[in-house]
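Structure at a glance
Spelled out from the first residue to the last, the chains are:
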Amino acid sequence: YTILSKVHSDRNVYPSAGVLFVHVLEREYFKGEFPPYPKPGEISNDPITFNTNLMGYPDRPGWLRYIQRTPYSDGVLYGSPTVENVGKPTIIEITAYNRRTFETARHNLIINIVSAEDFPLPYQVEFFIRNMNVEEMLASEVLGDFLGAVKNVWQPERLNAINITSALDRGGRVPLPINDMKEGVYVMVGADVPFSSCLREVENPQNQLRCSQEMEPVITCDKKFRIQFHIDWCKISLVDNTKQVSTFQEVIRGEGILPDGGEYKPPSDTLKSRDYYSDFLITLAVPSAIALVLFLMLAYIMCCRREGVEKRNMQTPDIQLVHHSAIQKSTKELRDMSKNREIAWPLSTLPVFHPVTGEIVPPLHTDSYGNTSMPLMQTQQNLPHQTQIPQQQSAGQY
């Protein structure tokens, strides 16, 4: 593929400082720059993505964000310009990529930030809308409906959307892809009149207690938003810039301030020599001596304080010593007997006399001690000259 790049003419926009700025990157605007190359009978709908950056830098300014959900949806640049950039043109390079033909189209967006006449709005409220994503909230008709609902419950003379932030940018979690769950969006609006009684209800102690117990607070004007916007009233914040006190405090000279010590006098170049021998002794010799004393004490306890056999026998009762000696003698005698295997067989293992003839039956096993599987006495089936004992027969059969 041949990657082509085409440059559009620059586009100038004039947002106000402190007011929400939204610029939509329409795919239809860039489609005309890419050859469709459709197949017969097909309509060209190429996937297009955008890359935005500040000219000469790899990323956008800190106040400007960009979002595009899919290559088949429009991209959106949004943010709230700051006062520091007033009068300084901000050039944003927009590059569109055709993901089918790998072609690119580029043009510059020149943002000329101007100062707002009613900036800053002193009374600001930040809402958290749970059933909206940021790109849905940035749509002009949706944002207009929300500002209309806020105006009904606030009744200000001037009302502006200051900023919109996705809940994911505030540390929120990505929602599960079930039941069409939304990630949520924070919307900050500002007005020139104090907060209405409805907005003040979020500061009610009863509602604060319900929020601490993860319960829905009772807000009278919630029904005006509930039709289209589900607002989490526990996350609403009210900012009154008219009551903010300057944190600058004049330094009062007192006891904590050191007195003036005059000019600094550095040490002289000629330093006196110092003997470190005593420091060496204190650092090395003293711990070594203490370790040696402890070693000698431990050796005396382990070697010189042992209880010998004689002392143990003196503290043991005589009857216990006699039993122990008898057990040792018996054990020794059994071991000696087990070593002598050439002795005659005991009488209990000799063959018995024949019960009928009285003859001595020859031994059933040799004198080999290893053949211990033979029985000590013969069974009646193996005895020679065994007489058959008549068995009793049933009556009538003789």
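Residues numbered from 1 in each chain as written. Predicted model: local features only at pLDDT ≥ 70, side-chain atom pairs only at ≥ 80, totals over all residues. Heavy atoms only, no water.

1. Section: the nonpolar core
Core analysis: the largest hydrophobic core is formed by 38 residues, its most contacted members being Phe 127, Met 137, Phe 146, Trp 154, Val 189 and Trp 233. A total of eight residues in this core trace back to one element, the largest contributor, which is helix α3 (residues 140–154). Apart from residues no more than four positions distant in its own chain, Phe 127 is found in contact with Phe 146, Val 150, Val 185, Tyr 186, Val 187, Val 189, Leu 199, Ile 231, Trp 233 and Ile 236. In this structure, Phe 34, Phe 50, Leu 77 and Ile 113 belong to the second largest nonpolar core, which totals 19 residues. (Core = buried A, V, L, I, M, F, W, Y, C linked by side-chain atoms within 4.5 Å. Buried < 20%, exposed > 50% of the residue type's maximum accessible area, 1.4 Å probe, protein only. Helix = DSSP H or I, 4+ residues; strand = E, 2+ residues; numbered from the N terminus. Contact = heavy atoms within 4.5 Å.)

2. A closer look at the sheet that holds strand β9 (residues 123–129)
Within the open sheet, the four strands sit side by side as β10-β11-β9-β12. Their pairing is antiparallel. Sheet topology places β10 (159–166) and β12 (237–240) at the edges, where each strand pairs with a single neighbour. Between one strand axis and the next, the sheet turns through 20° on average, direction left out of account. The sheet contact formed by β9 and strand β11 (residues 185–191) spans seven bridges and is antiparallel. Note on β11: the bridge partner recorded for Val 125 is Val 189. (Pairing = 2+ DSSP bridges. Axes fitted to C-alpha atoms, helices over the stretch in contact; angles between N-to-C directions.)

3. Brief notes about the UniProt feature "transmembrane region" (unreviewed entry) in the protein chain
In the numbering used here, UniProt assigns the feature "transmembrane region" (unreviewed entry) to residues 280–303. With 100% helix and 0% strand, residues 280–303 has end C-alpha atoms that lie 34 Å from one another. (UniProt positions renumbered as here; feature names shortened; annotations may be inferred.)

4. Notes on the sheet that holds strand β6 (residues 75–79)
Reading across the sheet, the three strands line up as β3-β6-β5 and stay open at both edges, with antiparallel pairing between neighbours. The outermost strands of the open sheet, each flanked by one partner alone, are β3 (21–25) and β5 (64–67). Strand-to-strand, the axes of this sheet are offset by a mean angle of 20°, without reference to chain direction. Bridging between β3 and β6 involves five bridges; their strand directions are antiparallel. Within the sheet, the bridge partner assigned to Val 24 lies in β6 and is Val 76.

5. A look at a nonpolar patch on the surface
Judged by side-chain polarity, Val 286, Ile 290, Val 293, Leu 294 and Met 297 come together as a nonpolar surface patch covering roughly 470 Å² of accessible area. Tracing the backbone shows Ile 290 in helix α7 (residues 277–304). (Patch = residues over 30% accessible without salt bridge, like charges linked within 9 Å, V, L, I, M, F, W, Y side chains within 5 Å. Areas by Shrake-Rupley, 256 points an atom, 1.4 Å probe, with all protein chains shown as cover. Salt bridge = Lys/Arg side-chain N within 4 Å of Asp/Glu carboxyl O.)

6. Some remarks on the packing of aromatic side chains
Inspection of every chain in the model, using the stated rule, returns 12 aromatic pairs. Where Phe 127 meets Phe 146, the ring centres are 5.5 Å apart and the plane angle is 85°; that geometry is what we call edge-to-face. Within this pair, whereas Phe 127 is found in strand β9, its partner Phe 146 is found in helix α3, the two being separated by 19 residues in sequence. Judged by its relative accessible area of 0%, Phe 146 is buried. Aromatic pair Phe 127 and Phe 225: ring centres 6.1 Å apart, planes at 35°, arrangement tilted. Of this pair, Phe 127 sits in strand β9 while Phe 225 sits in helix α6 (residues 223–226), placing them 98 residues apart in sequence. Note on accessibility: Phe 127 and Phe 225 belong to one class, buried. An aromatic cluster is defined as three or more aromatic residues linked by ring pairs; in this entry it consists of Phe 127, Phe 146, Phe 225, Phe 229 and Trp 233. The ring of Tyr 186 carries Arg 170 above its face, with NZ or CZ at 4.4 Å from the centroid. When the ring centre of Phe 128 is taken as origin, the NZ or CZ atom of Lys 235, which lies over that ring, is 4.6 Å away. (Phe/Tyr/Trp six-rings, centres within 6.5 Å; stacked < 30°, edge-to-face > 60°. Lys NZ or Arg CZ within 6 Å of the ring centre and 35° of its normal.)

7. Re the layout of surface pockets
Each pocket or cavity is described by its volume, and for the second largest pocket that value is around 290 Å³. Looking at the lining of the second largest pocket residue by residue, the class counts come to seven nonpolar, three polar and six charged. (1 Å grid on protein atoms, 1.4 Å probe; cavity = no way out; pocket = protein on both sides within 12 Å on 5 of 7 lines; lining within 4 Å. Points joined across faces, edges and corners; volume = space filled by probe spheres on them. Nonpolar A, V, L, I, M, F, W, Y, C, P; charged D, E, K, R; others polar.)

8. A closer look at the confidence of the model for the protein chain
Averaged over every residue, the pLDDT of the protein chain is 79; residues scoring 70 or more account for 76%. The secondary-structure element of the protein chain with the lowest mean pLDDT is strand β1 (residues 5–7), recorded at 41, while strand β4 (residues 48–54) shows the highest, at 93. Across residues 367–374 the pLDDT falls below 50, and counting only partners more than four positions away or on other chains, this stretch makes seven contacts in the model. (pLDDT = per-residue confidence, 0-100.)

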